[in-house]
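# Fold and geometry: a report
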Amino acid sequence: MNTLKNTVHLIGRLGQDPEVRTLDGGRKVARLSLATGSTFAAKENSRTKTQWHNLVVWGNLAAVCEKYLTKGREIAIAGKLTYNKWEDSQGTKHINTEILVDELLFVGNSK
């Protein structure tokens, strides 16, 4: 029987330094924004379209992010897509998409 897997692999550059918090009990969580791009032809010019991805990293890997990652650093990640839905006090519905990172690799040189 085939099972479907929720797996995402991306290579991109960080849009900002990681935002790291230490929770009660000492567990860390890091939030990062990752930019990826795709190039396409538009008439006689080629253009790059940038997509932004929200990443969440937990535990020891969050500590690695805090210590080694900075804005502009190129990384490769593997993780799972998650969708969070909520309604604010005015009744507006929101959906947030995040990638829970399981693996992270440093790619190329830091910028």
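Preceding this paragraph is the structure being described.
What counts and what doesn't
- Residues numbered from 1 in each chain as written.
- Predicted model: local features only at pLDDT ≥ 70, side-chain atom pairs only at ≥ 80, totals over all residues.
- Heavy atoms only, no water.
- Helix = DSSP H or I, 4+ residues; strand = E, 2+ residues; numbered from the N terminus.
- Buried < 20%, exposed > 50% of the residue type's maximum accessible area, 1.4 Å probe, protein only.
- Contact = heavy atoms within 4.5 Å.
- Areas by Shrake-Rupley, 256 points an atom, 1.4 Å probe, with all protein chains shown as cover.
- Lys, Arg positive; Asp, Glu negative; His and termini not counted.
- Charge placed at Lys NZ, Arg CZ, Asp CG, Glu CD.
- Phe/Tyr/Trp six-rings, centres within 6.5 Å; stacked < 30°, edge-to-face > 60°.
- Core = buried A, V, L, I, M, F, W, Y, C linked by side-chain atoms within 4.5 Å.

Here we come to the overall build of the protein chain. Summing up its helical and strand segments, the protein chain has one helix and six strands in all. For the protein chain, the α and β elements follow one another from N to C terminus as β-β-β-β-α-β-β. When its C-alpha atoms are laid out on the principal axes, the protein chain stretches across 55 × 45 × 40 Å. Relative to its 111 residues, the protein chain shows a buried fraction of 28%. Relative to all contacts within the protein chain whose residues are 6 or more apart in sequence, the contacts with residues 24 or more apart total 57%. Accessible area of the protein chain: about 8100 Å², with a carbon and sulfur share of 48%. Here the protein chain carries 16 positive and 11 negative side-chain charges, and the mean point of each set is 4 Å from the other.

Here we take up the packing of aromatic side chains. Aromatic ring pairs are described here by two measures, namely the spacing of the ring centres and the angle between the planes. Summed over the entire model, instances satisfying the criterion amount to one aromatic pair. Ring geometry for Tyr68 versus Phe106: centroids 6.1 Å apart, planes at 70°, classification edge-to-face. In this pair, Tyr68 sits in helix α1 (residues 59–68) while Phe106 sits in strand β6 (residues 93–106), placing the two residues 38 residues apart along the sequence.

Counting 16 residues, the largest nonpolar core has Leu32, Leu55, Ile75 and Ile77 as the members making the most contacts within it. Of all the elements in the fold, those that place two or more residues in this core are β1 (8–14), β3 (28–42), β4 (45–58), α1, β5 (74–87) and β6. Here Leu55 is in contact with Ala30, Arg31, Leu32, Leu34, Ile75, Ile77, Ile99 and Val101, once residues within four sequence places are set aside.

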